[in-house]
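Results of the structural survey
The lines below spell out each chain.
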Amino acid sequence: MPLQIDILTLFPRMLDGFLSESILGKGLERGLLGVKVHDLRNWTTDKHRTADDRPFGGGAGMVLKPEPVFAAIEQLQTPGCRRIYLTPDGVPLSPALAEELSRQQHLVLLSGHYEGIDQRIRDQVIDLEISIGDYVLTNGTLAAAVLIDALSRFIPGVLGEEKSLTHESFTSKLLDFPQYTRPAEFRGMSIPEVLLSGNHAEIEKWRQARQREKTRQVRPDLLK
Ligand code: ADE
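Residues numbered from 1 in each chain as written. Predicted model: local features only at pLDDT ≥ 70, side-chain atom pairs only at ≥ 80, totals over all residues. Heavy atoms only, no water.

Within the protein chain, the regular secondary structure consists of 8 helices and 10 strands. What you see for the protein chain is a C-alpha radius of gyration of 22 Å, clearly larger than the 17 Å of a compact globule of 224 residues, by over 25%. Principal-axis analysis of the C-alpha atoms places the extent of the protein chain at approximately 70 × 40 × 35 Å. Counting only contacts in the protein chain whose residues sit at least 6 apart along the sequence, the fraction spanning at least 24 positions is 76%. Looking at the protein chain as shown, the accessible area adds up to about 13700 Å², and 52% of this sits on carbon and sulfur atoms. Separation of charge centres in the protein chain, based on 27 positive and 30 negative side chains, amounts to 3 Å. (Helix = DSSP H or I, 4+ residues; strand = E, 2+ residues; numbered from the N terminus. Rg over C-alpha atoms; globule rule 2.2 N^0.38 Å. Contact = heavy atoms within 4.5 Å. Areas by Shrake-Rupley, 256 points an atom, 1.4 Å probe, with all protein chains shown as cover. Lys, Arg positive; Asp, Glu negative; His and termini not counted. Charge placed at Lys NZ, Arg CZ, Asp CG, Glu CD.)

Looking now at a nonpolar patch on the surface. On the surface, Phe11, Met14, Tyr135, Leu137 and Leu142 cluster together to form a nonpolar patch covering roughly 430 Å² of accessible area. Following the sequence through the fold, Met14 ends up in the loop between strand 1 (3-9) and helix 1 (16-20). Look at Met14 and you get partly exposed, because its relative accessible area is 37%. (Patch = residues over 30% accessible without salt bridge, like charges linked within 9 Å, V, L, I, M, F, W, Y side chains within 5 Å. Salt bridge = Lys/Arg side-chain N within 4 Å of Asp/Glu carboxyl O. Buried < 20%, exposed > 50% of the residue type's maximum accessible area, 1.4 Å probe, protein only.)

Turning our attention to the pairing of strand 1. In terms of burial, strand 1 is largely enclosed, as 6 of its 7 residues are buried. Direction of pairing for strand 1 relative to strand 2 (residues 33-39): parallel, over a ladder of 7 bridges. If you follow Leu3 over to strand 2, its bridge partner there is Leu33. Relative to strand 6 (residues 106-111), strand 1 runs parallel, the two being bridged by 5 bridges. Within strand 6, the residue paired with Asp6 across the bridge is Val108. (Pairing = 2+ DSSP bridges.)

Before going further, it helps to examine the domain arrangement of the protein chain. The domain boundaries assigned to the protein chain delineate domain 1 (3-152) and domain 2 (167-223). Placing the centre of domain 1 and that of domain 2 at their C-alpha centroids yields a distance of 37 Å. (Domains from an automatic or database assignment.)

Below, the discussion takes up the site of the ligand. Taken together, Leu86, Thr87, Pro88, Ile130, Ser131, Ile132, Gly133, Tyr135, Val136, Leu137, Gly140 and Ala143 make up the full set of residues near the ligand. In this structure, a nitrogen atom belonging to the ligand sits 3.1 Å away from a main-chain N or O atom of Thr87. Tyr135 is positioned such that a nitrogen or oxygen atom in its backbone is 2.8 Å from a nitrogen atom of the ligand. For the ligand, the protein covers 96% of the area, taking 260 Å² as the surface of the free molecule. Every element with two or more residues in the shell around the ligand is listed here: strand 5 (82-92) and strand 8 (128-131). When residues in the shell around the ligand are grouped by element, the largest group, 3 residues, is from strand 5. (Near = heavy atom within 4 Å. Polar contact = N/O pair within 3.5 Å; in protein donor to acceptor, adjacent residues only side chain to side chain.)

On the basis of which strands lie adjacent, the open sheet formed by 3 strands has the order 3-4-7 and mixed pairing. Here the strands that pair on one side only, and so sit at the sheet edges, are strand 3 (52-53) and strand 7 (116-117). By the bridge criterion, 2 bridges tie strand 3 to strand 4 (residues 63-64) in an arrangement that is antiparallel. By the bridge assignment, Asp53 is partnered in strand 4 with Val63.

To summarise the sheet geometry, strands pair through backbone hydrogen bonds and adopt either a parallel or an antiparallel arrangement. Spatially, 2-1-6-5-8 is the arrangement adopted by the 5 strands of the open sheet, whose pairing is parallel. The outermost strands of the open sheet, each flanked by one partner alone, are strand 2 and strand 8. With direction set aside, neighbouring strand axes in the sheet form an average angle of 30°. Running over the sheet, helix 4 (residues 95-102) touches strand 1, strand 5, strand 6 and strand 8 and is turned about 170° from strand 5. (Axes fitted to C-alpha atoms, helices over the stretch in contact; angles between N-to-C directions.)

Bringing unusual backbone geometry into the picture now. Along the chain, Arg182 connects to Pro183 via a cis peptide bond; the corresponding omega equals 5°. Relative to the elements of secondary structure, Pro183 occurs in the loop between helix 7 (163-166) and strand 9 (185-186). Positive phi is not limited to glycine here, since Arg187 has a value of about 50°. Along the chain, Arg187 falls in the loop between strand 9 and strand 10 (189-190). The class of Arg187 is exposed, set by a relative accessible area of 75%.

Set out below in C-alpha cells:
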C-alpha cells in the first residue's frame, strides 16, 4: 500500500496548486502516494464554524480549540499512523526524518494557526511535532506542503532517476557543485574547461573541490 497522507488545515485551498503541479503532482497521479486535504471547519459544530478562541490567562491572538481537532483526528487516524503537528517549536525537519516518514503507511498532518493550539491536542492526539526551520509562518499549511515535498522524493519512482537522489546536497553533507548546460559559450561567458575534457576523474575532482569551497563559504557548520 502506498503512503497515505491526510492534511488538516483551516486553509485547504492553499494546497491546490502544490498538489496538482510538478513532480509531486505526477507522483499523486501515478498513485505512488495519496494525499487528502481536509478543512478543519468541517468538524466544528456551531453555525459560525468556530475553530479558535481567546487564550486562558490572557494574551494576544487566538488559540485553536480542542473539540474540532480531536474529532477530526479521531475520525482520520488509523492503527499505527503517525499524527504530526507542524510548528516552529517542533524538532527540525532533516533528510533522515523525511526518509523515515516516507516509509510509513499513513500520516495525519495538522497545521496550526494563530498564536498556537490548545496544549491538550499536543498532549493527547499528536505523536510528533516538526519544524521546517527557524522562522515563523502565518500558519502551518505551507510547512505541511514542504514536509510532503521533502519526503515524496524518498518514495521509489517519484523522482525519475535514482541518481538524482544520491548525488546531491545533504546526502553527502556538502552543498552542490555548479551545473552548466548548452550553450558552452553564452554572452561571452564560457563554462569551466574541465567539463568539456571528457576526463571523468578530473571532473569528479573539480566538482568535489567546488562543493568544499561552497560549503566553507555559506555553510561552514556542515564541515564540523
Ligand atoms: N508553522 C509556523 N511556522 C512553522 C515552521 N517554521 N515550521 C513548521 N510549522 C510552522
